[in-house]
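Fold and geometry: a report
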Amino acid sequence: MEKLIITAAICGAEVLKEHNPAVPYTVAECVREAKSAYDAGASIIHLHVRYDDGTPTQDKARFKEVIDAIKAACPDVIIQPSTGGAVGMTDDERLQPTELLPEMATLDCGTLNFGGDEVFMNTENTIKYFGKRMIELGIKPELECFDKSMIDMALRLHKKGFIEKPMHFDFVMGVNGGIGGELRDFIFMRGSIPHDATYTVAGIGRYEFSLAMAAIVDGGHVRVGFEDNVYLSKGVLAKSNGELVEKVVRMAKELGREIATPAETREILGLKPIK
Ligand code: KMH
Ligand code: ZN
């Protein structure tokens, strides 16, 4: 079986220090959290950035500041900026970090309810616009699918030339408004992607580790981190993103799955090696 790629979604746009005091806002806090995850075995950092007061931003300069600081601490880690940003941002606002030419970035494949009155908007034209931009800039999209319909959308837009193969999916499961996080939901999602595609699963809240386990056994890949879940176990807050990654590493070791280094992750995902 392929080695296991672990992605750490260290920050998110919605989770707050009120939920877990270790949620990073400042540059130094982002570096601390990215390094803890990297040292524990994460090869990809899925990155949102905030201003120091916690307000989410897609500002290119803020992304550059955080990315440069993370790379200074974790030189070979793969940075995957979010192009989802936070609910309500415009397409061009969200696309700003692509101007920094990261190796990867997220590409959200559909619209969904996102808690209370919020709607995370990704119209077909938005997805085409983002997909085309990533092809032009040579950025590998991580196709974020919060529901099976979004996989269908990605496959349709691949046929129309907006998304290239090999496709790499991220099943984000358990958001209120998207698909649930039960095993039957996972089996449905993973059975719906092409055979030559890879996938990562991001289980939200209480689904984080059960879905990680399913992906480890199935040969898929895993995302954990404060963006998705702030607890190490029921009622116990994680002290760092690194603690969440360590738990996945322990689970993988028990099941005989080795952890991919950043270089091995680049090979698995078809990214260019770095010198
Ligand atoms: N913050 C969510 C509204 C992504 O990173 O691409 C969207 C999100 C997806 O987190
Ligand atoms: Zn995100």
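Up top is the structure these notes are about.
Keep in mind it's a predicted model, so treat the numbers as computed, not measured. Each chain carries its own residue numbering, running from 1 in the written order of its sequence. Naming scheme: in the order in which they are written, chains are lettered from A and ligands are numbered from 1. Per-residue local features are limited, in this predicted model, to residues with pLDDT of at least 70; the limit for side-chain atom pairs, both in listing and counting, is 80 or more; totals at the level of whole chains, interfaces and linings are taken over all residues. Hydrogens are left out, water is left out, and the side-chain values use all remaining heavy atoms of the structure.

**Digging into the nonpolar core**
What we call a nonpolar core is a set of buried Ala, Val, Leu, Ile, Met, Phe, Trp, Tyr and Cys residues that are connected through their side-chain atoms within 4.5 Å. We call a residue buried when its accessible area falls under 20% of the maximum for its residue type, exposed when it is over 50%, and partly exposed in between, using a 1.4 Å probe and counting protein chains only. Core analysis: the biggest nonpolar cluster contains 81 residues, and I45, L47, I70, F169, F171 and V245 have the highest contact counts within it. Any pair of residues with heavy atoms lying within 4.5 Å of one another is described as a contacting pair. The residues touching V245, leaving out its near neighbours within four places in the chain, are I6, A8, A37, A40, G41, A42 and V224. Counting residues in each nonpolar core, the second largest holds 7 residues, with I44, I78, A260 and L271 among its members.

**With respect to the site of ligand 1**
In these notes, residues near a molecule or strand are those with any non-hydrogen atom within 4 Å of it. Inspection of the region around ligand 1 gives 14 residues, with E14, S82, G85, T106 and D108 positioned closest. Within 3.5 Å is the distance limit for a polar contact, defined as a pair of N or O atoms, with the added protein rule that one can donate a hydrogen and the other accept it, and that residues adjacent in sequence qualify only through two side-chain atoms. Take E14: an N or O atom from its side chain is 2.8 Å from a nitrogen atom of ligand 1. S82 has a polar side-chain atom sitting 2.7 Å from an oxygen atom of ligand 1. Method for areas: the Shrake-Rupley scheme with a 1.4 Å probe, in which residue coverage is limited to the protein chains shown. When ligand 1 is considered free in solution it has 300 Å² of accessible area, and contact with the protein chains removes 98% of it. Ten residues, namely Ala, Val, Leu, Ile, Met, Phe, Trp, Tyr, Cys and Pro, are considered nonpolar, four, namely Asp, Glu, Lys and Arg, are considered charged, and the remaining ones, Gly among them, are considered polar. Within the shell around ligand 1, the residues separate by chemical class into 4 nonpolar, 6 polar and 4 charged.

**Some words on the packing of aromatic side chains**
Classification of ring pairs rests on two measures: the distance between centres of Phe, Tyr or Trp rings, Trp counted by its six-membered ring, which must be within 6.5 Å, and the angle between planes, read as stacked under 30 degrees, edge-to-face over 60 and tilted in between. Evaluation of the coordinates by the stated rule reveals 7 aromatic pairs. Seen in terms of ring centroids, F169 and F171 are 6.4 Å apart; in terms of plane orientation they differ by 40°. Their pairing is tilted. The buried category is assigned to F169, whose relative accessible area is 0%. Charge over a ring is defined by NZ of Lys or CZ of Arg lying within 6 Å of the ring centre and within 35 degrees of the ring normal. The ring of Y25 has K17 sitting right over it, with the charged end atom 4.6 Å from the ring centre. For K247, the ring lying beneath its charged end belongs to F209, and the centroid distance is 4.2 Å.

**Points about the pattern of salt bridges**
Salt bridge, as used here: a side-chain nitrogen of Lys or Arg that lies within 4 Å of a carboxyl oxygen of Asp or Glu. Tallied over the entire structure, the rule returns 22 salt bridges. Measuring nitrogen to oxygen at the nearest pair gives 2.7 Å for the salt bridge that ties D52 to R62. In this pair, D52 sits in the loop between β3 (49-50) and β4 (56-57) while R62 sits in helix α2 (residues 60-73), placing the two residues 10 residues apart along the sequence. On the basis of relative accessibility, which here comes to 9%, the residue R62 falls in the buried class. Connected through salt bridges with shared partners, the residues E144, D170, R223, E227 and D228 form a single ionic network. Per the convention used, a helix needs a DSSP run of H or I reaching at least four residues, while a strand needs a run of E reaching at least two, with both numbered from the N terminus.

**Section: helix α6 (residues 183-190)**
Within an α-helix, residues lying three or four positions from one another point in the same direction, as the helix has 3.6 residues per turn. All buried positions along α6 are accounted for by D185, F186 and M189. Across the axial projection of α6, the buried residues extend over an arc of 100°, all falling on one side. Away from the buried face of α6 by more than 90 degrees, exposed residues L183, R184 and I187 are located. Those residues of α6 hidden inside the fold are in contact with β9 (140-145), α5 (148-159), β10 (168-173), β11 (198-203) and α7 (208-218). Arc, as used here, means the arc of the directions from the helix axis to the C-beta atoms.

**With respect to the packing of helix α1 (residues 27-40) against helix α8 (residues 241-254)**
Axis lines are fitted through C-alpha atoms, for helices just across the contact stretch, and the angle between N-to-C directions can take any value from 0 to 180 degrees. Where α1 contacts α8, the axes come no closer than 7 Å and their chain directions differ by 15°. Considering the angle they form, α1 stands roughly parallel to α8. Considering how the two elements wind past one another, α1 and α8 form a crossing that is right-handed. Contacts between α1 and α8 involve E33, S36, A37 and A40 from the first element and N241, G242, V245, E246 and V249 from the second. Looking at side-chain class alone, the contact of α1 with α8 contains 4 nonpolar, 3 polar and 2 charged residues. Put simply, angles under 35 degrees are roughly parallel, angles over 145 are roughly antiparallel, angles from 65 to 115 are roughly perpendicular, and the rest are oblique. Working rule for handedness: look at the near helix, and if it is turned counterclockwise from the far one by less than a right angle, call the crossing left-handed; if clockwise, right-handed.

**A few points about the sheet that holds strand β12 (residues 221-224)**
Note: two strands are recorded as paired if DSSP finds a minimum of 2 bridges between them. Here 8 strands make up an open sheet; going across it, the order is β5-β2-β1-β12-β11-β10-β9-β6 and the pairing parallel. Both outer strands of the open sheet, β5 (78-81) and β6 (104-108), are each paired with one neighbouring strand and no more. Pairs of neighbouring strands in the sheet enclose a mean axial angle of 25°, with direction left out of account. Pairing of strand β2 (residues 44-47) with β5 involves 4 bridges; the strand directions are parallel. From the neighbouring strand, H46 faces β5, where its bridge partner is Q80. In this fold α2 packs onto β2 and β5, with an angle of close to 160° to the strand it touches most, β5. Relative to the sheet, α6 contacts β9, β10 and β11, its axis offset from that of β10 by approximately 160°.

**Let's talk about the side chain of T198**
Here T198 is to be found in strand β11. Ignoring anything within four residues of it in the chain, the contact list for T198 reads M167, H168, F169, I193, I268 and L269.

**Describing unusual backbone geometry**
At the junction of K165 and P166, the peptide bond is cis and its omega measures out at -5° in the coordinates. Secondary-structure assignment places P166 in the loop between α5 and β10. Non-glycine residue L101 carries a positive phi angle of around 55°. Relative to the helices and strands, L101 resides in the loop between α3 (91-95) and β6. Residue L101 is classed as exposed on the basis of its relative accessible area of 55%.

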